[in-house]
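Close look at the chain arrangement
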Amino acid sequence: MRLFLSSWKLGDAPELLDDLAGDARTAAVIGNALDALPGPARRQATGREVALLRDRGYQVTEVDLRDHFGDPAALAELLSGFGVVWVHGGNPFVLRLAMALSGAGEILTDLLRRDAVVYAGWSAGACVLSPALHGLELVDDPADTVTAYDLPAIWEGLGLLDYAFVPHYRSPTAESEPIERVVERYEREGVPYRAFRDGEVTIIDRSSPPQTENTIRRRIP
């Protein structure tokens, strides 16, 4: 299992994603965390993600999970053809439900356990790997799933991490203030978590011994 998880986009160590990907420089971009936004805003944001990876030399294709709701077999075949699956930020509740409706959660879990893909996610794209999404309603509105899909939120994460991933901690973003409340709640309730500032990434590589998990803290010029 190979994971590249970031608070904000590629963070301060984009070369580590390249190291995990190796020669498999094909990337699927999943932007469904933004499905509650108006179409033009969503397309613009996802287009920036596509350009970000292309600038690093990846061959990039957007994969819209909505095209595969109720059709997990086709999605599994499609995702198995990529070296990297890049899941960008937005609302983690919207993203998690899209993963459930399309089967992407189970598909990606299987691909990761077989070490058949690199999962690269930032913000919401990393949060959905947590055991649960409780607490993140202090930052993002779970009711956005109704706006996006006319269905209620799912509160369980994919559980590929044994702690809650907390992005944008004490960072120059609008989410930083409510993230403080998330951390306070986790401290109060004894929820295992790890908080990441923008620029920080954590790398999990369990593809071969020794198994490693390394966090690259923000580089200060």
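Here, the structure is the one placed above.
Model, not experiment: these values are computed from the prediction.

Points about the packing of aromatic side chains
In this structure the tally under the stated criterion is five aromatic pairs. A ring pair is formed by Tyr186 and Tyr193, whose centres lie 6.0 Å apart and whose planes are at 40°; its orientation type is tilted. For Tyr186, a relative accessible area of 4% puts it in the buried group. Note on Tyr193: relative accessible area 24%, which makes it partly exposed. Above the face of the Tyr58 ring, Arg25 is positioned so that its terminal group lies 4.9 Å from the ring centre. Over the face of the ring belonging to Tyr163 we find Arg194, whose NZ or CZ atom lies 5.3 Å from the ring centre.

Structural notes on the environment of Glu15
Relative to the helices and strands, Glu15 resides in helix 1 (residues 15-21). Since its relative accessible area comes to 31%, Glu15 is described here as partly exposed. Sequence spacing of Glu15 and Val166 is 151 residues, and the spatial spacing of their C-alpha atoms is 22 Å.

A short note on unusual backbone geometry
In the Ramachandran plot, His168 falls in the positive-phi region, its phi being about 60° despite a non-glycine side chain. With respect to the helices, strands and loops of the structure, His168 is situated in the loop between strand 6 (164-166) and helix 8 (176-189). Judged by relative accessible area, His168 falls into the buried class, the value being 5%. In this model, Arg170 sits at a positive phi of 45°, which is unusual for a non-glycine residue. The topology assignment puts Arg170 in the loop between strand 6 and helix 8.

What about the pairing of strand 8 (residues 201-205)?
As a general feature of sheets, a regular strand has side chains that alternate between the two faces. The buried count for strand 8 comes to four of five residues, which makes it a mostly enclosed element. Two strands pair when backbone bridges link them, and strand 1 (residues 2-6) and strand 8 are joined in this way by five bridges, in the antiparallel orientation. By the bridge assignment, Leu5 is partnered in strand 8 with Thr202.

Focus: the environment of Tyr169
By the secondary structure assignment, Tyr169 is in the loop between strand 6 and helix 8. Considered as a pair, Tyr169 and Ser7 are 162 residues apart in the sequence and their alpha carbons are 8.4 Å apart. Those residues in contact with Tyr169 that sit more than four places away from it in its chain are Ser176, Ile179, Glu180, Val183, Ala195, Phe196 and Arg197. Here the side chain of Tyr169 touches Arg170 through a polar contact of 3.2 Å, side chain to side chain.

Side note on the side chain of Asn91
Relative to the assigned elements, Asn91 resides in the loop between strand 4 (84-87) and helix 4 (92-102). Judged by its relative accessible area of 6%, Asn91 falls in the buried class.

Observations concerning the nonpolar core
Counting 50 residues, the largest nonpolar core has Leu3, Leu79, Met99, Tyr119 and Leu129 as the members making the most contacts within it. The dominant element in this core, judged by the number of residues it contributes, is helix 4, at six residues. For Tyr119, the contacting residues outside a window of four places in its chain are Arg2, Leu3, Phe4, Leu5, Val85, Val87, Met99, Leu108, Leu112, Gly125, Val128 and Leu129. Counting residues in hydrophobic clusters, the runner-up holds 19 residues, among them Leu10, Leu17, Leu20 and Val118.

Things to note about the environment of Glu137
Assignment of secondary structure puts Glu137 in the loop between helix 6 (124-127) and helix 7 (144-149). On the basis of relative accessibility, which here comes to 26%, the residue Glu137 falls in the partly exposed class. Expressed as a C-alpha distance, the spacing of Glu137 and Ser102, which sit 35 residues apart in the sequence, is 23 Å. Among the polar contacts made by the side chain of Glu137, one reaches the main-chain amide nitrogen of Gly135 at a distance of 2.7 Å.

Focus on helix 8
In a regular helix each residue adds 1.5 Å, so 14 residues correspond to 20 Å; helix 8 covers 20 Å between its end C-alpha atoms and thus fits that length. All buried positions along helix 8 are accounted for by Ser176, Pro178, Ile179, Val182, Val183, Arg185 and Tyr186. For helix 8, the angular spread of buried residues about the axis comes to 160°, placing them on one side. Across helix 8 from its buried face, at more than 90 degrees, point the exposed residues Glu177, Glu187 and Arg188. Looking at the buried positions of helix 8, the neighbouring elements they touch are strand 6 and strand 7 (193-195). Immediately beyond the C-terminal end of helix 8, within one or two residues, lies Gly190, with a positive phi of roughly 70°.

Cut-offs applied
Residues numbered from 1 in each chain as written. Predicted model: local features only at pLDDT ≥ 70, side-chain atom pairs only at ≥ 80, totals over all residues. Heavy atoms only, no water. Phe/Tyr/Trp six-rings, centres within 6.5 Å; stacked < 30°, edge-to-face > 60°. Buried < 20%, exposed > 50% of the residue type's maximum accessible area, 1.4 Å probe, protein only. Lys NZ or Arg CZ within 6 Å of the ring centre and 35° of its normal. Helix = DSSP H or I, 4+ residues; strand = E, 2+ residues; numbered from the N terminus. Pairing = 2+ DSSP bridges. Contact = heavy atoms within 4.5 Å. Polar contact = N/O pair within 3.5 Å; in protein donor to acceptor, adjacent residues only side chain to side chain. Core = buried A, V, L, I, M, F, W, Y, C linked by side-chain atoms within 4.5 Å. Expected span 1.5 Å × (residues − 1). Arc of directions from axis to C-beta.

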